[in-house]
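# Close look at the chain arrangement
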Amino acid sequence: MSQTSPAPGDPPHSRGDGLPRVITHAPRPADAARALRDGLGDVPLEAVVVFCAPHYDLDALADALIEQFGTTPVIGCTTAGEIGPGGYTTGALVGVGFPAEDFSVVTALLDHVDRFEIADSTVIARSLLTRRDRALAGRPVPMGEAGSFAMLLIDGLSMSEETVVSALHNALIDIPLFGASAGDDMHFERTFILHEGAFHPNAAVVALFTTTRPFTVFRTQHFVSSDRKMVVTGADPHRRIVTEINAEPAGREYARLVGLEGEPLTPMIFASHPVVVRVGGQYHVRSIQKVNEDESLTFFCAIDEGIVLTVAEGVDPVANFDSLMETIQSEVGAPDLILGCDCILRRLEMEQRQLGAVMAERLSRHRVVGFCAYGEQVNGMHVNQTFTGVAIGGR
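## Description of the sheet that holds strand 11 (residues 198–200)
The strand order across the open sheet formed by 6 strands is 1-6-2-3-10-11, and the pairing between neighbours is mixed. With partners counted over all chains shown, the strands left at the sheet margins are strand 1 (21–24) and strand 11, one partner each. With direction set aside, neighbouring strand axes in the sheet form an average angle of 20 degrees. Relative to strand 6 (residues 93–99), strand 2 (residues 45–52) runs antiparallel, the two sharing 7 bridges. Within strand 6, the residue paired with V50 across the bridge is G95. Strands in contact with helix 1 (residues 29–39) are strand 1, strand 2 and strand 6; relative to strand 1, the strand with the most contacts, it is inclined by about 155 degrees.

Structure follows, in structure tokens:
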């Protein structure tokens, strides 16, 4: 992947205007954590969110973050690429600070998410809301009129995103939610969630942010439906594997429908030729992770027999992003921060189309930081090939 923000030898952080945000490529965990602490400045922080490349010694990094930030909560996850103050990058540690003056944040760890039950969401939501209200009541200076949003970071290989995000969104009722699935640089082996000084596999963290600043939770995708339909006629829903499409081997039939019959199926092809499914009157992308030796296809999202999929057609991703930014600015003004979750397949497509530098400039200009994910969540939906997040305006 191309690297469009500072290389390891360049300055390790960038604060500038807006909420404090920082990036470092320092390879040693102790040095990286120190760079984050220095880069986020001296403003008292309510919480820190970090996104880290999976090559770090995660135990050592967790210890180093505790040493640097003490009792300040630090949450985050491993990635399939990072978005720093300069745009897309890899091999980095990215951090965002949320000043205590403007934010109240409470968090909860969801362990063993592959065994998550819908009833768990009610307990978690009730605990978060109760702790939020207590924290607000206990502030030395009242926050005043404020609103809340939730962020979910979840193991990207747990195959539990649909259940978790749907249940949490229902339990949180009218609180907007966004999030994404942790990555491991497309090795598809293990992904990790950071909470209370440790990186956890098979876990999720949900954070409830309350602030007096204006904010908006958003999502966008740059694909529309075509007239090329396919029916899933064979599937293993628990493993997100499709064995047959239109009663033919799934990989072979998919290749035929996208006009690449006989071609080897690669992540770049899946990024450029996703499929969509119609849910609630809207089309949502269902991205393919890989083709298997038996010509079955593994998806990033839940899939089942009988689902009708449509080959998607792309629109200009840069124009789509610009339109999103115009909408955001009309709602919150020029954002002080956009905490963004971008599907790894979107990034692969940008690089394939030689748009990586253009998008990096856009991301930097609009103060986007975040990471590249194995799937994204918005309100009650788990989606793919989507850019989602929260835009936070000025004071």
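## Things to note about the packing of aromatic side chains
Tallying each qualifying case throughout the model produces 12 aromatic pairs. Aromatic side chains F321 and F387 sit 5.9 Å apart centroid to centroid with 40 degrees between the ring planes, which places their arrangement in the tilted category. Of this pair, F321 sits in helix 7 (residues 317–332) while F387 sits in strand 26 (residues 387–392), and the two are 66 residues apart along the sequence. Here F321 matches F387 in class, with each residue buried.

## Brief notes about the confidence of the model for the protein
For the protein, the mean per-residue pLDDT works out to 90, and 96% of the residues sit at or above 70. In the predicted structure, residues 1–16 sits below a pLDDT of 50 and forms 45 contacts with residues beyond four places in sequence or in another chain.

## As for the sheet that holds strand 12 (residues 203–211)
One open sheet accounts for 6 strands, arranged 7-12-8-9-24-25; its pairing is mixed. For this open sheet the edge positions go to strand 7 (103–111) and strand 25 (381–383), each flanked by a neighbour on one side alone. Geometrically, the sheet is characterised by an average inter-axis angle of 20 degrees between neighbouring strands, direction not taken into account. Here helix 4 (residues 161–172) sits on the sheet in contact with strand 7, strand 8 (147–154), strand 9 (177–181), strand 12, strand 24 (376–378) and strand 25, set at roughly 165 degrees to strand 8.

## Structural notes on the nonpolar core
Counting residues in hydrophobic clusters, the biggest one holds 34 residues, and the most contacted among them are F98 and L339. If we skip the residues at most four places from it in the chain, L339 touches F51, V96, F98, M151, F178, V369, T388, G389 and V390. Counting residues in each nonpolar core, the second largest holds 26 residues, with I83, F218, L345 and Y374 among its members.

Thresholds, definitions, all that
- For every chain, the first residue of its written sequence is number 1, and the numbers climb from 1 along that sequence.
- For a predicted model such as this one, the threshold for reporting local features is a pLDDT of at least 70, and the threshold for listing and counting side-chain atom pairs is 80 or more; totals across whole chains, interfaces and linings nevertheless cover every residue.
- As a rule here, side-chain values come from all non-hydrogen atoms in the structure, and water together with hydrogens is ignored.
- Any two strands with at least two DSSP-identified bridges between them are counted as paired.
- Secondary structure elements are defined from DSSP: runs of H or I of at least 4 residues count as helices, runs of E of at least 2 residues count as strands, and each element is numbered from the N terminus.
- Every axis corresponds to a line fitted to the C-alpha atoms, with the helix fit spanning only the stretch in contact, and the corresponding angles, defined between N-to-C directions, vary from 0 to 180 degrees.
- When checking whether two residues touch, look at their non-hydrogen atoms; a contact exists if any pair is within 4.5 Å.
- Here a Phe, Tyr or Trp ring, Trp counted by its six-membered ring, pairs with any other such ring whose centre lies within 6.5 Å, and the pair is stacked when the planes are under 30 degrees apart, edge-to-face when over 60, and tilted otherwise.
- Type-normalised accessible area, obtained with a 1.4 Å probe on protein chains alone, sets the label of each residue: buried when under 20%, exposed when over 50%, and partly exposed for intermediate values.
- Residue-level confidence of the predictor is summarised by pLDDT, bounded by 0 at the bottom and 100 at the top.
- In this text, buried Ala, Val, Leu, Ile, Met, Phe, Trp, Tyr and Cys residues form a nonpolar core when linked through side-chain atoms within 4.5 Å.

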